[in-house]
Amino acid sequence: MADDFMKPRRKSGPIKLSTVGAWLVSLIFFLPIAWIIGSALKPKQYVLNFPPKWIFVPTLSNITEAISYGNTAKYFLDSVIYSFTAVALAILISFLAAYSFSRFKPAGTDFLMFLLLSSRFVPAAALVIPFFQLYNLVHLQDSFLGLILFYTMFSIPFSVWILKGFIDGVSTKFDETGFVYGASRLHVMFKLILPQLRPGLVAAFVFNIIFVWNEFLFNFQLGGIHSYGIPVGLFTSITKDGHLDWSFVASIGTIYVLPLAITIFAFQKYLLVGLTFGTVRGEV
Amino acid sequence: MSELAFKVSGLSKSYGSKVVLDDLSFSVNINDFSVIWGKPGNGKSVLVRSIMGLERIDAGEVIVRGEDVTNKNAGSRNIGYIPQSFALFPHYSVRENIEYPLNLIKASDADKEKAVNRVAELLRIEDLLHKKPTELSGGQKQRIAIARGLVITTDVYLLDDPLVGLDFKLRERLIDDLRRTQEELKVAFIYVTSDPLEALSLAKTVLVLSKGKIVQQGSLTDVYDNPQTVQSMSALGFPEPNFVPGKISNGTFTSDIFSAQVNAPDGISDAIAGIRPEGIVIGENAKAITLEATVALVENLGSENVIYLKVKDRMLVTVISRTDEENLKIVEEAKIKISILPHAIQLFRADSEVKIGEGKHHE
């Protein structure tokens with residue numbers, strides 16, 4: 001991604017020094033990930049070699065072993081279920097909120113928007129005990145419903161911010177044109193406005209899925225044996241069999257980054273527009 | 001003349017202390033092309049939005065085909081609407097855009113097909129139906145927006161300055177299209193614009209909107225020949241009329257560049273004389289008021305030249321034919337004699353801008 005932002009304006013002629021620099025910086029950022037993937041594919045006996053063994057016959061045995069170990073597959077699946085459900089739900093709710101903020105402009109919209117985001121100013125460590133007690137009280141611990149509710153709430157503020165910017169960028173003429181021809185408000189929202197927000201929806205989705213997918217603390221505290229996700233799974237199985245198995249860690253790490261990598265790669269063309277909050281967007 | 005299609009009465013709308021529509025009333029007949037002309041800032045778009053039901057009005061009523069729709073929402077007023085900005089849905093194809101109003105009333109596929117083909121033929125956009133709005137030029141987009149407005153069958157259509165921002169040639173063609181369409185459908189077109197040339201070429205009936213009121217309504221020739229206010233005089237034609245301030249006493253209008261015998265009440269110290277470009281002719285004329293002028297600018301419009309004349313410190317504009325060879329000798333910097341035809345002078349009060357009289361024919 002980084003090199004996409006830094007990509008210089010394309011000019012003919014020899015490759016420029018800045019291009020080379022951008023590639024170098026990008027590679028440095030990519031190095032840890034490359035290292036993890038490399039270690040996962042290395043036969044077990046080479047993983048701790050120093051100096052590192054660069055040339056080897058890659059194997060999938062570490063990865064298949066990691067997947068079949070204990071609850072790994074379940075952790076992974078659980079993570080997929082609760083993160084994707086929660087973020088999708090959050091985006092739906094945020095769209096309704098963002099549309100209202102953008103179109104009805106309730107008194108103090110700016111302040112309300114600020115309040116919404118301020119819920120994310122509080123450090124997670126300060127919230128974890130109150131949430132633990134709350135979840136205890138309402139019996140939502142170790143349940144998918146509990147986690148999905150938490151992560152939905154967790155994802156709403158940024159989603160509302162991102163989507164409001166995009167809805168502001170869609171002229172109210174579209175709403176009015178719909179109304180004049182007899183459309184209902186819901187029809188206008190979902191049939192006329194929502195389809196024009198694709199880059200914003202993608203940005204909100206990717207942005208939040210990265211947060212939720214990587215969230216450890218609340219999954220650990222509010223979840224349980226039935227609802228742990230892959231971050232907790234990775235943490236608890238690091239010292240499996242009483243020792244640190246780097247091949248195992250690297251394998252889980254590789255599986256771990258895969259869903260995000262695929263999601264982001266698939267939506268890359270919208271993401272650039274989305275993350276610049278629509279400023280490079282063309283209007284019809 | 002014919003059946004009443006549409007009527008508003010006592011329409012008022014204010015934003016805080018700013019009055020935008022001021023007890024405004026007018027009516028429009030079926031099978032008429034009515035142009036509401038107003039300068040920017042005189043309440044045009046608020047009027048359009050009030051008629052369409054997009055804006056809540058403070059007082060007054062809106063009646064379509066005898067039915068009071070004041071409290072009905074936008075969708076149930078059954079007025080064909082062509083918005084100023086095209087507002088074509090980018091995620092729909094051109095055909096889907098045009099079909100859109102029909103989808104909302106759940107028309108059958110056969111009816112949709114028929115209606116879309118009808119308007120596509122009318123506006124000559126058959127080739128564009130499968131495209132996406134993003135692939136179209138500005139003029140094509142506007143034609144699609146017009147088609148979408150015309151696709152529902154009704155008898156009142158409201159066109160909100162639909163040609164603004166389009167290039168000249170395209171506007172000419174669309175003006176043609178719109179006139180033809182209105183004549184074929186024999187329905188009421190209410191066309192809102194700030195362009196005097198558009199008003200002139202489209203209107204059968206002209207309504208002049210000034211400061212939130214309709215200050216004059218009449219046939220095209222009536223408003224052109226007998227403008228009742230300064231705004232009415234500006235409403236039609238191109239270039240804009242000349243307006244010269246002055247005062248009236250003893251039956252004479254006196255300004256810094258000319259004086260003229262007039263039929264108007266005395267003692268008005270702040271008057272305005274309005275003279276259309278064709279009221280100023282080149283050369284001396286015994287029956288007119290002759291002035292010395294310097295040609296400041298000559299604008300070639302093809303068959304005509306627009307001449308900007310400097311008389312003392314004041315600028316006057318006139319139009320002369322380019323087919324007359326004598327006229328081609330009038331070039332910039334030339335010093336010439338011009339004549340103001342007295343009967344072409346319209347007099348208004350400066351404060352209320354209402355007509356108070358006109359120039360007297362010289363004997």
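Residues numbered from 1 in each chain as written. Chains lettered and ligands numbered in written order. Predicted model: local features only at pLDDT ≥ 70, side-chain atom pairs only at ≥ 80, totals over all residues.

1. So, the overall build of chain A
Worth spelling out the cut-off: For helices the rule is a DSSP run of H or I covering at least 4 residues; for strands it is a run of E covering at least 2, with both sets numbered from the N terminus onward. Counts of 20 or more other C-beta atoms within 10 Å of a residue's own C-beta define buried residues, counts of 12 or fewer define exposed ones, and intermediate counts define partly exposed ones; C-beta atoms are placed from the backbone. Contact between residues is assigned whenever the C-beta positions, reconstructed from backbone atoms, fall within 7 Å.
Helix and strand content of chain A: 14 helices and zero strands. What you see in chain A, going N to C, is helices and strands ordered as α-α-α-α-α-α-α-α-α-α-α-α-α-α. Along the first, second and third principal axes, the C-alpha set of chain A runs to 70 × 65 × 30 Å. Burial analysis of chain A (284 residues in total) assigns 33% to the buried set. Restricting to contacts in chain A with at least 6 residues of sequence separation, those with at least 24 account for 77%.

2. A word on the overall build of chain B
Looking only at helices and strands, one finds eight helices and 21 strands in chain B. Once the C-alpha set of chain B is aligned to its principal axes, its extents read approximately 70 × 45 × 40 Å. Within the span of chain B, comprising 363 residues, buried residues form 43% of the whole. Summarising the internal contacts of chain B: among those between residues at least 6 apart in sequence, 64% fall at separations of at least 24.

3. Regarding the domain arrangement of chain B
Our working definition: The split into domains, and so the bounds of each, comes from an automatic or database assignment of domains.
Split into domains, chain B comes out as domain 1 (4-227) and domain 2 (242-359). Each of domain 1 of chain B and domain 2 of chain B was reduced to a C-alpha centroid, and the two centroids are 36 Å apart.

4. Re the packing of helix α4 (residues 72-104) of chain A against helix α10 (residues 198-213) of chain A
Residues and elements named next belong to chain A. Selection rule: Orientation is described by axes fitted as lines to C-alpha atoms, over the contacting stretch for helices, and by angles from 0 to 180 degrees between their N-to-C directions. The labels follow the angle: roughly parallel below 35 degrees, roughly antiparallel above 145, roughly perpendicular from 65 to 115, and oblique for the rest. Crossing handedness is read from the near helix: turned anticlockwise from the far helix by less than a right angle, it gives a left-handed crossing, and turned clockwise, a right-handed one. Think of it as three bins: nonpolar holds Ala, Val, Leu, Ile, Met, Phe, Trp, Tyr, Cys and Pro, charged holds Asp, Glu, Lys and Arg, and polar takes everything else, Gly as well.
Across the interface, α4 lies against α10 with an axial gap of 9 Å and an inter-helix angle of 140°. Considering their axes alone, α4 and α10 lie oblique with respect to each other. In the crossing of α4 with α10, the sense of the turn from one axis to the other is right-handed. Facing α4, whose interface residues are S79, S83, A86, V87, A90, I91 and S94, α10 presents L201, A204, F205, N208, I209, V212 and W213. Broken down by class, the residue content of the contact of α4 with α10 amounts to ten nonpolar, four polar and no charged.

5. Describing the nonpolar core
To keep things clear, this is the line we draw: By our criterion, buried Ala, Val, Leu, Ile, Met, Phe, Trp, Tyr and Cys residues that link up through C-beta atoms within 7 Å make up a nonpolar core.
Counting 115 residues, the largest nonpolar core has V35, A147, I190 and V206 of chain B as its most contacted members. At twelve residues, helix α7 (residues 144-168) of chain A tops the list of elements feeding residues into this core. With residues up to four places along the chain from it excluded, the contact list for V206 of chain B reads V35, W37, A199, G218, L220, V223, A235 and L236 of chain B. The next biggest cluster of nonpolar side chains, apart from the first, holds 28 residues, and it includes F258, V262, I282 and L309 of chain B.

6. A look at the environment of E215 of chain A
Residue and element names in this part refer to chain A. The residue E215 is located in the loop between α10 and α11 (217-222) in this model. Under the C-beta neighbour-count criterion, E215 is labelled buried, with 22 such atoms within 10 Å. Along the chain, E215 and S83 lie 132 residues apart, while their C-alpha atoms are 9.5 Å from each other.

7. Things to note about the pairing of strand β4 (residues 59-64) of chain B
Residues and elements named next belong to chain B. The condition is simple: Between any two strands, at least two bridges found by DSSP are needed for them to pair.
Here strand β1 (residues 4-15) pairs with β4 via five bridges, running antiparallel. For V8, the partnering residue across the bridge sits in β4 and is V62. When β4 meets strand β5 (residues 67-68), the two strands line up antiparallel, connected through two bridges. Paired with V64 across the two strands is E67, which belongs to β5.

8. Remarks on the pairing of strand β3 (residues 32-38) of chain B
Residue and element names in this part refer to chain B. Taking burial as the measure, the seven residues of β3 include seven buried ones, the bulk of the element. Residues D32, S34, I36 and G38 of β3 are buried on one face, and the alternating residues F33, V35 and W37, pointing to the opposite face, are buried as well. Alignment of β3 against strand β8 (residues 188-193), held across six bridges, turns out to be parallel. Of the residues in β8, the one forming a bridge with V35 is Y191. Here β3 pairs with strand β9 (residues 205-210) via five bridges, running parallel. Residue pairing across strands places G38 opposite L209, the latter belonging to β9.

9. Describing the sheet that holds strand β13 (residues 259-263) of chain B
All names here are of chain B. With respect to topology, six strands assemble into a closed barrel ordered β11-β12-β13-β21-β20-β14, the strand pairing being antiparallel. Each neighbouring strand pair of the sheet contributes to a mean axis angle of 40°, computed without reference to strand direction. Where strand β14 (residues 268-275) lies against strand β20 (residues 345-349), five bridges are found, and the strand directions are antiparallel. Note that in β20 the partner of I272 across the bridge is F348.

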